[in-house]
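Structural features, examined
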Amino acid sequence: MTFQWTAVAAFLYGETGVILVLCLPFISPLRWQKIFMIPLWSKMAVFWNKMFLTIIVLLIVLFLDAVREVRKYSAVHVNERAANVNTNAFDHIQMKLFRSQRNLYLSGFSLFLWLVLRRTVTLLTQLAKGMASHAALETQVNDATEAAKKYMAENERLQEALSEKGSSKKKQSAEATDETLKKEVEHLKAELQKTSNALHKANNEVIAVKKQSEGLKREYDNLMKEYERLQDSLNEAEDRKDL
């Protein structure tokens, strides 16, 4: 195996090992995120895209070269087998075909696993960010829930205080209203007493006026009787003079 294909095989084994480590279930994405945030990886991240594209180009070139070799030795293998020539030459061509096919698999799987490795690292990073966001949101929700419970308890306490204050105010207002009503009742009783006294006095005056009127009527009747008697006497005296 030449140096380049030895390097491709080692690269393929390294990719396989790294992917297996990344897929271990007991290492969480958050831990991988912390590992990726190490200063060494942060410095390498600047050259990550360039290195990724460079390796992609190299693997594609090697893959195409392996495809070309496979097609070349496949055609020669068929022709030599059909011609039924020297057995050693046929075995040599078959060995070349086997190596070209091996190189094709090495380069193809290396290219595939390199893309898978890039995608795996990207998904782990996104998953770690999502888990961190979820943890932050869960913390915020818990804080908001605790704050809401606290505010609800404070609101209930304030409502109880306001209700007690309102009841005390109502009680004071009821007492003040009772006092006002009592004062009004006393005032009305006093006015009623004054009115009753005035009515009694007026009744007494009416009775006195009525008695005085009856006395004046009797006096008037007596005077009228006296006037009639005098008038009769005067008439009798005039009649006597005429005789």
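Residues numbered from 1 in each chain as written. Predicted model: local features only at pLDDT ≥ 70, side-chain atom pairs only at ≥ 80, totals over all residues. Heavy atoms only, no water.

**Some words on helix H2 (residues 29-36)**
Taken as a whole, H2 has its buried residues at Pro29, Trp32 and Gln33. Taken end-on, H2 shows its buried residues confined to a sector of 105°, consistent with a single buried face. The exposed set on the far side of H2, more than 90 degrees from its buried face, consists of Arg31 and Lys34. (Buried < 20%, exposed > 50% of the residue type's maximum accessible area, 1.4 Å probe, protein only. Helix = DSSP H or I, 4+ residues; strand = E, 2+ residues; numbered from the N terminus. Arc of directions from axis to C-beta.)

**Notes on the environment of Ile27**
Of note, Ile27 is situated in the loop between helix H1 (3-22) and H2. Take Ile27: its relative accessible area is 18%, and that puts it in the buried class. In this structure Ile27 touches Val21 and Trp32, once residues within four positions along its chain are discounted. (Contact = heavy atoms within 4.5 Å.)

**A few points about the confidence of the model for the protein**
Where the model shows low pLDDT, its predicted coordinates should not be examined in detail. The predicted model of the protein has a mean per-residue pLDDT of 78, with 82% of residues at 70 or higher. Mean pLDDT across the secondary structure elements of the protein bottoms out at helix H3 (residues 39-45), with 68, and peaks at H1, with 87. (pLDDT = per-residue confidence, 0-100.)

**A short note on the packing of aromatic side chains**
Inspection of every chain in the model, using the stated rule, returns 2 aromatic pairs. Between the aromatic rings of Phe11 and Trp114, the centroid separation amounts to 5.3 Å while the plane-to-plane angle is 50°, which identifies the pairing as tilted. Here Phe11 is found in helix H1, whereas its partner Trp114 is found in helix H5 (residues 87-242), with 103 residues between them in sequence. Considering the side-chain rings of Phe52 and Trp114, the 5.7 Å spacing of their centres and the 25° angle between planes classify their relative orientation as stacked. Placement of Phe52 in helix H4 (residues 48-83) and of Trp114 in helix H5 is noted, with a sequence separation of 62 residues between them. Among the residues examined, Trp114 registers a relative accessible area of 5% and is labelled buried. Ring pairing ties together the aromatic residues Phe11, Phe52 and Trp114, which thus form one cluster. (Phe/Tyr/Trp six-rings, centres within 6.5 Å; stacked < 30°, edge-to-face > 60°.)

**Examining the UniProt feature "transmembrane region" (unreviewed entry) in the protein**
When the UniProt feature table is mapped to this numbering, "transmembrane region" (unreviewed entry) covers residues 7-27, 47-67 and 104-121. Between the C-alpha atoms that bound residues 7-27 the distance is 29 Å, and the span itself is 76% helix and 0% strand. Taken end to end, residues 47-67 comprises 95% helix and 0% strand; its first and last C-alpha atoms sit 30 Å apart. (UniProt positions renumbered as here; feature names shortened; annotations may be inferred.)

**Quick word on a nonpolar patch on the surface**
A contiguous nonpolar surface patch, about 280 Å² in accessible area, is contributed by Val21, Leu24 and Phe26. Taking the relative accessible area as the measure of exposure, Leu24 reaches 31% and is therefore partly exposed. (Patch = residues over 30% accessible without salt bridge, like charges linked within 9 Å, V, L, I, M, F, W, Y side chains within 5 Å. Areas by Shrake-Rupley, 256 points an atom, 1.4 Å probe, with all protein chains shown as cover. Salt bridge = Lys/Arg side-chain N within 4 Å of Asp/Glu carboxyl O.)

**A look at the side chain of Glu15**
As for its position among the elements, Glu15 is in helix H1. No salt bridge forms around the buried Glu15; measuring N to O, its nearest opposite-charge neighbour Arg118 is 11 Å away. Residues within four places of Glu15 in sequence aside, it is in contact with Phe109, Ser110, Leu113 and Trp114. (Lys, Arg positive; Asp, Glu negative; His and termini not counted.)

**As for the pattern of salt bridges**
If you walk through the whole model with that rule in mind, you get 2 salt bridges. The partner of Arg68 in a salt bridge is Glu69, with the nearest N and O atoms 2.8 Å apart. Look at Glu69 and you get buried, because its relative accessible area is 18%. In the salt-bridge network here, residues are joined through shared partners; they are Asp65, Arg68 and Glu69.

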